[in-house]
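Inside the fold
What follows is the residue order along each chain.
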Amino acid sequence: MTPQDIFAGIENDIKANPDRAKSQLDGTFRFDVTGSNGGTWIIDGKQADVRQGAEDADVTITVTGEDLVAIKQGQLDAMQAFMLGKIQVEGDMGLAMKLQQIL
């Protein structure tokens, strides 16, 4: 599994139920994923969309691709990763907490 796989899966989930995504994720999230499979993705809860690209967002999350995959696979707890400094969050922390619903 790669970060690209994770965001493709999130995109499929959002497109399958855009109204739910809009109500649960009323904001924009930028993921700056570092490492060999890195990149920048936007999860746009307002538009029910996932796309690549660097743009302003309500929350910016920086994480390595390896840690993101470990979180998705249940090998690393997101809150624990945040406390250990493996995830950096800038912006609306309340909105960032909603991401647990989709990751």
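For the structure itself, look to the data block above.
Heads up: these notes are all about the structure in this document. Just so it is clear, the structure is predicted and the values come from calculations on it, not from any experiment. (Residues numbered from 1 in each chain as written. Predicted model: local features only at pLDDT ≥ 70, side-chain atom pairs only at ≥ 80, totals over all residues. Heavy atoms only, no water.)

With respect to the nonpolar core
Within the largest apolar cluster, 26 residues are counted, with the highest numbers of intra-cluster contacts made by Phe7, Phe29, Phe31 and Ile43. For this core, the secondary structure elements donating two or more residues are α1 (3-16), β1 (28-34), β2 (39-44), β4 (59-64), α3 (65-72) and α5 (93-97). (Core = buried A, V, L, I, M, F, W, Y, C linked by side-chain atoms within 4.5 Å. Buried < 20%, exposed > 50% of the residue type's maximum accessible area, 1.4 Å probe, protein only. Helix = DSSP H or I, 4+ residues; strand = E, 2+ residues; numbered from the N terminus.)

With respect to the sheet that holds strand β5 (residues 87-91)
The strands that make up a sheet are held in pairs by hydrogen bonds between backbone atoms, and each pair lies either parallel or antiparallel. Spatial strand order, β3-β2-β1-β4-β5: five strands in an open sheet with mixed pairing. The sheet is open, and its two borders are formed by β3 (49-52) and β5, each paired with just one other strand. Across the sheet, the axes of successive neighbouring strands diverge by a mean angle of 15°, strand direction being ignored. Of the pairings in the sheet, the one linking β1 to β4 comprises six bridges and is parallel in character. (Pairing = 2+ DSSP bridges. Axes fitted to C-alpha atoms, helices over the stretch in contact; angles between N-to-C directions.)

Describing the environment of glutamate 90
Structurally, glutamate 90 is set in strand β5. Overall, the relative accessible area of 56% leaves glutamate 90 in the exposed class. It is 9.7 Å that separates the C-alpha atoms of glutamate 90 and alanine 57, two residues lying 33 residues apart in sequence.

A closer look at the pairing of β2
The buried count for β2 comes to six of six residues, which makes it a mostly enclosed element. Residues Gly39, Trp41 and Ile43 line one face of β2 and the alternating positions Thr40, Ile42 and Asp44 line the opposite face, and both faces are buried. Here β1 pairs with β2 via six bridges, running antiparallel. In the strand pairing of β2, threonine 28 is matched with aspartate 44.

Structural notes on the packing of α1 against α3
Direction vectors running N to C along α1 and α3 enclose 50°, while the axes themselves pass 9 Å from each other. Between α1 and α3, the angle falls in the class oblique. Of the residues in α3, those touching α1 at Pro3, Ile6 and Phe7 are Gly65, Leu68, Val69 and Lys72. Here the residues of the contact of α1 with α3 are counted per class, giving five nonpolar, one polar and one charged. (Parallel < 35°, antiparallel > 145°, perpendicular 65-115°, else oblique. Contact = heavy atoms within 4.5 Å. Nonpolar A, V, L, I, M, F, W, Y, C, P; charged D, E, K, R; others polar.)

Re the pairing of β3
Looking at chain direction, β2 and β3 are connected through four bridges and run antiparallel. Bridge pairing links isoleucine 42 to arginine 51 in β3. As consecutive antiparallel partners, β2 and β3 are separated by four residues, and within that stretch alanine 48 has a phi angle of approximately 55°, a positive value.

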